[in-house]
Amino acid sequence: MHKSPFNPDIQHENTGPKVVVALERISEAFRVLLWNESKTHGLSPIQVQVLIFLKYHSPDKCKVSFLADEFNMTKATISDTVKALMNKKLIEKDQEPGDARSFIINLTPNGASIAEQTEQFTREILEPVENLPAETKEQLFLSLTNIIHHLNRAGIITIQRMCQTCLYYRTNHQGAAHYCELLGKKLESTELRLDCPEHELLSTEN
Ligand code: SF4
């Protein structure tokens, strides 16, 4: 039987379980902050997440099927979310040129304004992170990307537009620990991306 990280005796034995419990607390903080922000605007948490996503991503990603994968939800749930946001006049759908069955979702000016207000919901988490020394922040970022990469490979979270899952990513290449073939340059640890617009999924990651 696996040892539970929630068992305080197990936590006293080593740091790993304490890190897992700490991540769980932080995930709870994200949930509470997002919920509070959503309530303020009369929206659900997923409605807010979709608005923020639409603000920063290219039209090819602003479709129901992509959003369903992005948020690890069914297409039916995302379709309901899209309908609700359209009823509130925060988004609109445009037919995709050349494909009569496909629609691209865009923010209306009102939707863009709500996205801009709500995207600040992480500020109480950002503040202590920004106050960490640069080296600690870099190490924390690398550790978290390793955990995210593992969760992606295990099929727990789907789309990850991060360097480690990208066709163009090389390790230990031309004397660099991290290298991007597309950009033709080495990447410092802090330049590794989590949401790269040029990301091409490495087929073996599927
Ligand atoms: S294209 Fe983007 S995700 Fe891919 S290796 Fe280069 S920087 Fe990283």
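Computed from a predicted structure; not experimentally measured. (Residues numbered from 1 in each chain as written. Predicted model: local features only at pLDDT ≥ 70, side-chain atom pairs only at ≥ 80, totals over all residues. Heavy atoms only, no water.)

Engineer: Hey, could you run me through the site of the ligand in this one?
Structural biologist: Around the ligand, the neighbouring residues are Cys163, Cys166, Tyr168, Tyr169, Cys180, Leu182, Arg193, Cys196, Glu198 and His199. Taken together, the residues of the shell around the ligand break down into seven nonpolar, one polar and two charged. (Near = heavy atom within 4 Å. Nonpolar A, V, L, I, M, F, W, Y, C, P; charged D, E, K, R; others polar.)

Engineer: Explanation requested: the sheet that holds strand 5 (residues 185–186) in the structure shown.
Structural biologist: To summarise the sheet geometry, strands pair through backbone hydrogen bonds and adopt either a parallel or an antiparallel arrangement. Read across the open sheet, the three strands follow the order 3-4-5; overall the sheet is antiparallel. Each edge of the sheet is formed by a strand with only one pairing partner; in this case those strands are strand 3 (169–173) and strand 5. In this sheet, strand 5 lies alongside strand 4 (residues 176–180) in antiparallel orientation, the contact comprising two bridges. Paired with Tyr179 across the bridge in strand 5 is Lys186. (Pairing = 2+ DSSP bridges. Helix = DSSP H or I, 4+ residues; strand = E, 2+ residues; numbered from the N terminus.)

Engineer: How should a nonpolar patch on the surface be read in this particular structure?
Structural biologist: A contiguous nonpolar surface patch, about 350 Å² in accessible area, is contributed by Val19, Leu23, Leu140, Leu144 and Ile147. When contributions to the nonpolar patch are tallied by element, the ones reaching two or more residues are helix 2 (15–40) and helix 8 (134–153). With three residues, the top contributor of residues to the nonpolar patch is helix 8. Relative to the elements of secondary structure, Val19 occurs in helix 2. Judged by relative accessible area, which is 40%, Val19 ranks as partly exposed. (Patch = residues over 30% accessible without salt bridge, like charges linked within 9 Å, V, L, I, M, F, W, Y side chains within 5 Å. Areas by Shrake-Rupley, 256 points an atom, 1.4 Å probe, with all protein chains shown as cover. Salt bridge = Lys/Arg side-chain N within 4 Å of Asp/Glu carboxyl O. Buried < 20%, exposed > 50% of the residue type's maximum accessible area, 1.4 Å probe, protein only.)

Engineer: What should I look at first to understand the domain arrangement of the protein chain in this one?
Structural biologist: Interface size is often expressed as the accessible area that is lost when the parts come together. Considered domain by domain, the protein chain is made up of domain 1 (8–122) and domain 2 (139–205). Computed from C-alpha atoms alone, the centre-to-centre distance between domain 1 and domain 2 is 22 Å. Across the contact, eight residues belong to domain 1 and nine residues belong to domain 2. Roughly 600 Å² is buried in total at the junction of domain 1 and domain 2, and carbon and sulfur atoms are behind 50% of that figure. Inspection of the domain 1/domain 2 interface yields one salt bridge. A salt bridge links Glu70 to Arg161; the shortest N-O distance between them is 2.8 Å. Along the contact surface separating domain 1 from domain 2 lie four residue pairs in polar contact (both at pLDDT 80 or more). Counting residues per element, the side of domain 1 that touches domain 2 draws most heavily on helix 4 (residues 64–70), at three residues. Tallied by class, residues from the side of domain 1 that touches domain 2 come to three nonpolar, two polar and three charged. (Domains from an automatic or database assignment. Contact = heavy atoms within 4.5 Å. Buried area = accessible area lost by both parts, 1.4 Å probe. Polar contact = N/O pair within 3.5 Å; in protein donor to acceptor, adjacent residues only side chain to side chain.)

Engineer: Can you walk me through the pattern of salt bridges in this structure?
Structural biologist: Once the charged atoms of two side chains with opposite charge are near each other, the side chains can pair. Enumeration over the complete set of coordinates arrives at twelve salt bridges. With a shortest N-O distance of 3.8 Å, Lys3 and Glu13 are connected by a salt bridge. Highlighted residues: Lys3 in the segment before helix 1 (8–13) and Glu13 in helix 1, separated in sequence by ten residues. Glu13 sits in the exposed class, given a relative accessible area of 52%. A salt bridge links Arg31 to Glu28, with the shortest nitrogen-to-oxygen separation between them at 2.9 Å. Pair noted here: Arg31 and Glu28 are both in helix 2, with a separation of three residues, about one helical turn. Taking relative accessible area as the criterion, Glu28 reaches 35% and is therefore assigned partly exposed. Three or more residues joined by partner-sharing salt bridges are found here, namely Glu70, Arg161 and Asp195.

Engineer: Please clarify how the packing of aromatic side chains should be interpreted in this entry.
Structural biologist: Geometrically, a pair of aromatic rings is defined through the distance of the ring centres and the angle of the planes. What the rule picks out here adds up to two aromatic pairs. Between Phe53 and Phe66, the ring centres sit 6.2 Å apart and the planes meet at 35°, which makes this aromatic pair tilted. With Phe53 in helix 3 (residues 45–56) and Phe66 in helix 4, the pair connects residues that are 13 residues apart, well separated along the chain. Its relative accessible area of 6% is what places Phe53 among the buried residues. Here Phe53 and Phe71 contribute two aromatic rings whose centre-to-centre distance is 5.9 Å and whose plane-to-plane angle is 75°, an arrangement assigned as edge-to-face. Taken together, the residues span a long stretch of sequence, with Phe53 in helix 3 and Phe71 in the loop between helix 4 and helix 5 (75–87) at a distance of 18 residues. We note that Phe53, like Phe71, is buried. Ring pairs connect the aromatic residues Phe53, Phe66 and Phe71, which therefore count as one cluster. The ring of Phe103 carries the charged tip of Lys93 above its face, separated from the ring centre by 4.9 Å. (Phe/Tyr/Trp six-rings, centres within 6.5 Å; stacked < 30°, edge-to-face > 60°. Lys NZ or Arg CZ within 6 Å of the ring centre and 35° of its normal.)

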